[in-house]
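# A look at the structure
What follows is the residue order along each chain.
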Amino acid sequence: MAALCILYAIWQIGWTGIISERTQTNEFDTVSWETPGTGEDGYKIAPPQSGAPPILPNLKTPGAILGEIYIPCFGSQYKRLIVQGTSLVQLDRHGLGHYESTPMFGAVGNVGLAGHREGYGAPLGDVAKFKTGDEIIIRTTQYWYVYAYQSYQIVLPSQTQVIDPVPNQPGATPTERLMTLTTCTPRYGIPTHRWIVYAKFKYWAYVKDGIPTALAQEGSGGKITFPASFNSWTASIPPVSSIFYFLLAAWLIVFAAAAITWRWPSAKKNMEGKVINKPYSIYSAMRWINPGVKAVRWVLLVLGLLCFIALLFAWVFPWMASTIPILKSSSNYVAIPQ
């Protein structure tokens, strides 16, 4: 039971993040976005543009890719996708979700985004790190939209006015370009409240002109690098279901070969007159009943355990997190109702 609890925690906090990041990397590779401008010294710094920012269409298709978000105070390599919709289907796999009822980036009003604070990549896991003026940067096909952090608020899930056109002022006419990020709190356990981040529009720029200053890093030779542009290593990880089938096939092959070559310990005992130690735990029993010499039985034990862990990660734990009430309430973030 202790091992199962530890494995569930690893799946919830770690593995779901790997799956989410892999999904986002693969999805980003399917879109054709403008490449940030470069020069002899690496990436260029995109100059702020004057005038009203361009506003992209508010796509209504759930899961549609709307942009990417970069938050430098979360780390130089931080980036997440922004997709349409705030259902668990979107938040668990795709990074941040856009409240459909709110405007698009750069528009007058309040752009609303939601994301997990723990598990599934924890896109808003570090909200407590924000300081006044920290930039929140949105990238779309052709434009950068830069917002500056203003303040935060902790509210009940029922306090939906935080994503109104003017936050906490129902019915008021907006005159500013704002952004609100919503996530859960406390970070661990049952999320009884919502942590709300308020930001204000700062400037916009063309992607073709380069990258915002806050995303630039100095690389070798003094050239400007863009660490967050790198693809994640998680894209090369196969689905856990495929890992399970591979491990199962490997276990069956080794088991069959060992059974044919060495037979089971009881049969070997009868042939050689050796005394076989009786199992004293579940793990020693699993090793003892396997065919073959000691080294082969250890290999079969390890393969069997890995196969069982893959089974848990692929099907059992996702079912538990979405079905068992206490795990469902502590594992899944529910967005502010619209």
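Everything below is about the structure shown above.
Report follows, based on the coordinates.

So, how was this worked out
- Residues numbered from 1 in each chain as written.
- Predicted model: local features only at pLDDT ≥ 70, side-chain atom pairs only at ≥ 80, totals over all residues.
- Heavy atoms only, no water.
- Helix = DSSP H or I, 4+ residues; strand = E, 2+ residues; numbered from the N terminus.
- Buried < 20%, exposed > 50% of the residue type's maximum accessible area, 1.4 Å probe, protein only.
- Contact = heavy atoms within 4.5 Å.
- Expected span 1.5 Å × (residues − 1).
- Bend = angle between axes of the 7 residues up to and from the residue.
- Core = buried A, V, L, I, M, F, W, Y, C linked by side-chain atoms within 4.5 Å.
- Pairing = 2+ DSSP bridges.
- Axes fitted to C-alpha atoms, helices over the stretch in contact; angles between N-to-C directions.

## Quick look at the environment of His98
- With respect to the element layout, His98 can be found in strand 5 (residues 96-98).
- The class for His98 is buried, based on a relative accessible area of 0%.
- Setting aside anything within four residues of it in sequence, one finds His98 in contact with Asn58, Leu66, Ile82, Val83, Gln84, Gly85, Thr86, Pro103, Met104, Val111, Gly112 and Leu113.

## Considering helix 6 (residues 294-323)
- Over its 30 residues, helix 6 extends 41 Å from the first C-alpha to the last, a length consistent with the 44 Å expected when each residue adds 1.5 Å.
- Phe313 marks where helix 6 bends most, by close to 45°.

## Let's talk about the nonpolar core
- In terms of nonpolar packing, the biggest core is built from 27 residues, with Ile69, Phe105, Ile136, Tyr147 and Met179 touching the most fellow members.
- Within the residue set of this core, elements represented by two or more residues are strand 3 (65-70), strand 6 (109-114), strand 7 (135-139), strand 8 (143-155), strand 9 (177-185) and strand 10 (193-206).
- Counting residues per element, this core draws most heavily on strand 10, which supplies five residues.
- Here Met179 is in contact with Asn110, Val111, Leu113, Ile136, Ile138, Tyr147, Val197, Tyr198 and Ala199, once residues within four sequence places are set aside.
- In this structure, Trp11, Leu303, Ala310 and Phe313 belong to the second largest nonpolar core, which totals 20 residues.

## Side note on the sheet that holds strand 7
- Taken in spatial order, the eight strands close into a barrel running 3-4-5-6-9-10-8-7, and their pairing is mixed. Within the sheet, the average angular offset between the axes of one strand and its neighbour, ignoring direction, is 30°.
- Here six bridges tie strand 6 to strand 9, and the two strands are oriented parallel to one another. Within strand 9, the residue paired with Ala114 across the bridge is Thr182.
- Against the sheet, helix 1 (residues 2-28) contacts strand 3, strand 4 (80-84) and strand 7, and its axis sits at roughly 75° relative to strand 4.

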